Amino acid sequence: MGILNKLDNRVEQFESGNIIITSADKLLNWSRLSSMWQMFFGLACCAIEMMATSASHYDLDRFGIIPRPSPRHVDIILISGTVTLKMATRIKRLWDQMPEPKYCLSMGSCANCGGPYWEHGYNVLKGVDRIIPVDVYVPGCPPRPEALLEGLIKLQERIREQSLAKKQA
Amino acid sequence: METNEVYEKLKRVFEDGIGEIKTDVPVYPFFFVSADKINAVSLFLRDEESLQFDNLSCLSGMDYDKDNLAVVYHLYSYVHHHKLVVKVVIPKSNPVVKTVSDVWAAADWHEREAYDLVGMTFEGHPDLRRILLSEDWEGHPLRKDYKVPEFYKGMKVPY
Ligand code: SF4
């Protein structure tokens, strides 16, 4: 509720109390970053850490991040693990089916750059950024849930800075 | 039953189909079987009263040496609690071996994996397709002379 709190003193200027003034950017960004629905999708060992992050101990739900089984419902895709070339074609397809605005978080060394398979992984894509644009990279093999959470908070910060007026890089 | 006892027994039945036995090796003792006899030998190993190797623990393909590939069978008997290792060596120029998927159903996917990664064909296999790599993949990556492709479907493969 960051934006609403900041506006508190302005809200009070209106007698009815039911009106708030804010910019379209702030309202949109706030709603987007508070409900980043996630693609129900995991790849390798990193996916186990992702599941641990979703479970009650770290509780992704409190950030409004819930897994959805269709790419048409989701805002973010977590690439949580080794991207094989066979899987890469499917990831591209899922990404293309996600509606804008969409974000990608690359989790772990494998998705970042090929990880332990960078040299001899004949069927491993050396970094998911070779097929789809990545917003946040989380290093680690695997990253702990705390690291994944920090990555997601970084992504929220990015979304908070967005603007309808200026084109996204 | 020890490997050399099993070996003697098989030698009496299959004669030339059974190759030499290696016991002074750092791994579990093993012997060779010829590629066209492996199916009959497997059936015998499974059904013979005193052997009853009812479990295929593992089937692996390997790039054996410069001119040959090999298939390695690890067997176990839950009846007699003994185990056995058998190898089949086949030339790279004609890498064909009889399937054992009709003897042990577990061999079905194992043989597909060996075919996928090492590239021998299993004669009589009901459905010999690639199992791990994409169907349009070229070559068999666990061959020593395999060269990683530069691109696959427009994606750069090397680091
Ligand atoms: S980065 Fe490490 S933990 Fe994550 S998928 Fe790769 S090998 Fe597994």
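Residues numbered from 1 in each chain as written. Chains lettered and ligands numbered in written order. Predicted model: local features only at pLDDT ≥ 70, side-chain atom pairs only at ≥ 80, totals over all residues. Heavy atoms only, no water.

## Things to note about the side chain of Gln162 of chain A
Residues and elements named next belong to chain A.
No. 1: Along the polypeptide, Gln162 turns up in the segment after helix 7 (145-160).
No. 2: Exposure remark for Gln162: the relative accessible area of 12% places this residue in the buried category.
No. 3: One polar contact links Gln162 to Tyr103, side chain to side chain, over a distance of 2.6 Å. (Helix = DSSP H or I, 4+ residues; strand = E, 2+ residues; numbered from the N terminus. Buried < 20%, exposed > 50% of the residue type's maximum accessible area, 1.4 Å probe, protein only. Polar contact = N/O pair within 3.5 Å; in protein donor to acceptor, adjacent residues only side chain to side chain.)

## Looking at the environment of Arg143 of chain B
All names here are of chain B.
No. 1: Its place among the elements puts Arg143 in the loop between strand 7 (121-123) and strand 8 (151-152).
No. 2: Relative accessible area serves as the criterion here: at 18%, Arg143 is assigned to the buried category.
No. 3: Along the primary structure Arg143 and Gly119 are separated by 24 residues, whereas in three dimensions their C-alpha atoms are 8.0 Å apart.
No. 4: The contacts of Arg143, once residues within four sequence positions are left out, are Asp63, Leu69, Pro95, Leu117, Val118 and Gly119. (Contact = heavy atoms within 4.5 Å.)

## Details of the interface of chain B and chain A
No. 1: Chain B puts 17 residues into the contact, and the matching count from chain A is 13 residues.
No. 2: Both faces combined, the contact of chain B with chain A buries some 1,200 Å², and carbon together with sulfur accounts for 67% of it.
No. 3: Scanning the region where chain B abuts chain A turns up 0 salt bridges.
No. 4: Linking chain B with chain A are 4 residue pairs in polar contact (both at pLDDT 80 or more), by the criterion used here.
No. 5: Within the side of chain B that touches chain A, the residues separate by chemical class into 14 nonpolar, 1 polar and 2 charged. (Buried area = accessible area lost by both parts, 1.4 Å probe. Salt bridge = Lys/Arg side-chain N within 4 Å of Asp/Glu carboxyl O. Nonpolar A, V, L, I, M, F, W, Y, C, P; charged D, E, K, R; others polar.)

## Observations regarding the confidence of the model for chain B
Residue and element names in this part refer to chain B.
No. 1: When pLDDT is averaged along chain B, the result is 93; 100% of the residues meet or exceed 70.
No. 2: No element of chain B has a lower mean pLDDT than strand 9 (residues 155-156), which averages 91, and none a higher one than strand 4 (residues 68-76), which averages 96.
No. 3: In the predicted assembly, ipTM is 0.79 and pTM is 0.82. (pLDDT = per-residue confidence, 0-100.)

## A closer look at helix 1 (residues 3-14) of chain B
Residues and elements named next belong to chain B.
No. 1: A rise of 1.5 Å per residue sets the reference length of helix 1, with its 12 residues, at 16 Å; its end C-alpha atoms lie 16 Å apart and thus fit the reference within 8%.
No. 2: Turning to helix 1, its buried residues are Thr3, Val6, Tyr7, Leu10 and Phe14. The buried residues of helix 1 occupy an angular sector of 100 degrees when projected down its axis, which confines them to one face.
No. 3: Tucked inside the fold, the buried residues of helix 1 contact strand 1 (18-22), strand 2 (30-33), helix 2 (38-47) and strand 5 (83-91). (Expected span 1.5 Å × (residues − 1). Arc of directions from axis to C-beta.)

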